[in-house]
Amino acid sequence: MKTPWKVLAPAVVLLGVVTSLGGVLSGCDSQDPGAEAPTGGEGLSIRLPDRSGEVGDTVQVPIQTDSLAGRGVSSYQFSLPYDQSVVRVTGVAEEGTLTPSAPVVNNSPGEGTLSVSFAAAEPLGGDGNSLLNLEMELVGSGTAALSFQSFQLFDENAEEIETALEEGTVTAE
């Protein structure tokens, strides 16, 4: 099911953690909104695969992960900047992914940033390795890097789970 965009309040409570950045959810430390997401390391792998198509096409970019079985992942949030001259984010789709229901989404096309937050009462699990699918329309020729500005996973006790992030690209011909 494709999730329509939702307007967010200036603050969102997520398992006892408050993030407030003028209505935009972000996984960055609120004391340092310019902080970059950690990469590498021994954490749970989060990957954005390369995708390509023709200008005018819509491509689906899955956020891929290792198996979540037994890890207790019950929430996540991320911020993903994108090159608006190449892609336009048109939505997110949770159908066929590990995310059982619609996340809270804030797309700031003027800023070229997609922010998503999700929380569940029970840990995520099941078959598959796609956390969520991003829907992107290819609007101009070129290659856009896909690199998370921030990405956080939390367990059922609101403890952050270490992640190792892998970048991807979207190419429009």
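Enquirer: I keep staring at the sheet that holds strand S12 (residues 142-146) and nothing clicks. Help me out?
Expert: The strands that make up a sheet are held in pairs by hydrogen bonds between backbone atoms, and each pair lies either parallel or antiparallel. Taken in spatial order, the three strands make up an open sheet running S5-S16-S12, and their pairing is mixed. The open sheet has two free edges, formed respectively by strand S5 (51-53) and S12, since each of these has just one partner strand. Direction aside, neighbouring strands of the sheet carry axes that sit 10° apart on average. Here five bridges tie S12 to strand S16 (residues 168-172), and the two strands are oriented antiparallel to one another. When the sheet's bridge partners are listed, Ala-145 is paired in S16 with Thr-169.

Enquirer: How should the side chain of Ser-45 be read in this particular structure?
Expert: Mapped onto the elements of the fold, Ser-45 is located in strand S4 (residues 44-47). Within polar-contact distance, the side chain of Ser-45 engages the side chain of Glu-166 at 3.2 Å. Excluding residues within four positions of it along the chain, Ser-45 makes contact with Gln-64, Thr-65, Asp-66, Ala-164 and Glu-166.

Enquirer: Would you take a moment to explain the nonpolar core for this structure?
Expert: Where a protein is soluble and globular, its nonpolar side chains tend to be buried together. Residues Ile-63, Phe-78 and Met-136 are the most contacted members of the largest nonpolar core, which totals 37 residues. No other element matches strand S11 (residues 130-138), which puts five residues into this core. Other than its neighbours up to four places away in sequence, Met-136 contacts Asp-57, Thr-58, Val-59, Val-61, Leu-80, Val-87, Arg-88, Val-89, Thr-90, Leu-146 and Val-170.

Enquirer: Hey, could you run me through unusual backbone geometry in this one?
Expert: Although it is not a glycine, Ala-158 sits at a positive phi angle of roughly 65°. Note that Ala-158 resides in the loop between strand S13 (150-155) and strand S14 (160-161). Note on Ala-158: relative accessible area 28%, which makes it partly exposed.

Enquirer: What exactly am I supposed to notice about the environment of Glu-94 here?
Expert: Residue position: Glu-94 is located in the loop between strand S8 (87-93) and strand S9 (104-108). Along the backbone, Glu-94 and Leu-131 are 37 residues apart, and their C-alpha atoms lie at a distance of 7.9 Å.

Enquirer: Help me understand the pattern of salt bridges in this model?
Expert: Between side chains of opposite charge, a pair can form when the charged atoms approach closely. The tally for this structure, following the rule as stated, stands at two salt bridges. For Glu-137, the salt bridge identified is with Arg-88, shortest N-O distance 2.3 Å. Within this pair, whereas Glu-137 is found in strand S11, its partner Arg-88 is found in strand S8, the two being separated by 49 residues in sequence. For Arg-88, a relative accessible area of 42% translates into the label partly exposed.

Enquirer: Can you help me understand the environment of Ala-119 in this one?
Expert: By the secondary structure assignment, Ala-119 is in strand S10 (residues 113-119). With relative accessibility at 39%, the residue Ala-119 sits in the partly exposed group.

Enquirer: It is not clear to me how the side chain of Thr-113 should be interpreted in this structure. Could you clarify?
Expert: Along the polypeptide, Thr-113 turns up in strand S10. In this structure, Thr-113 is in contact with Ser-79, Leu-80, Pro-81, Tyr-82, Asn-106, Asn-107, Ser-108 and Gln-149, ignoring residues within four places of it in sequence.

Enquirer: Help me out: how do you make sense of the pairing of S11 in this one?
Expert: Side-chain positions along a regular strand alternate between the two faces of the sheet. Of all nine residues making up S11, eight are buried, and the element is well covered by its neighbours. Two strands pair when backbone bridges link them, and strand S6 (residues 58-65) and S11 are joined in this way by seven bridges, in the antiparallel orientation. If you follow Val-61 over to S11, its bridge partner there is Leu-134. In terms of strand pairing, S8 meets S11 through six bridges, oriented antiparallel. Looking at S11, one finds that Arg-88 is bridged to Glu-137.

About the cut-offs
- Counting starts from 1 at the beginning of each chain's written sequence and moves along it residue by residue.
- A pLDDT threshold of at least 70 governs which residues receive local features in this predicted model, and a stricter bar of 80 or more applies before side-chain atom pairs are shown or counted, although totals over entire chains, interfaces and linings include all residues.
- Neither water nor hydrogens contribute to the side-chain values; these are computed over all heavy atoms in the structure.
- Pairing between two strands requires that DSSP report at least two bridges joining them.
- For helices the rule is a DSSP run of H or I covering at least 4 residues; for strands it is a run of E covering at least 2, with both sets numbered from the N terminus onward.
- Helix axes use the C-alpha atoms of the stretch in contact, all axes being lines fitted to C-alpha atoms, and the angles between their N-to-C directions lie in the range 0 to 180 degrees.
- Between N or O atoms, a polar contact is any pair within 3.5 Å; within protein, one atom must be a potential hydrogen donor and the other a potential acceptor, and residues adjacent in sequence are included only when both atoms are from side chains.
- Any pair of residues with heavy atoms lying within 4.5 Å of one another is described as a contacting pair.
- Buried Ala, Val, Leu, Ile, Met, Phe, Trp, Tyr and Cys residues that are joined via side-chain atoms within 4.5 Å together make up what is termed a nonpolar core.
- Buried, partly exposed and exposed residues are distinguished by accessible area as a fraction of the type maximum, computed with a 1.4 Å probe on protein chains only: under 20%, between the cut-offs, and over 50%, respectively.
- Salt bridge, as applied in this entry: a Lys or Arg side-chain nitrogen positioned within 4 Å of an Asp or Glu carboxyl oxygen.

So far we have only geometry, and geometry alone does not tell us how the molecule works.
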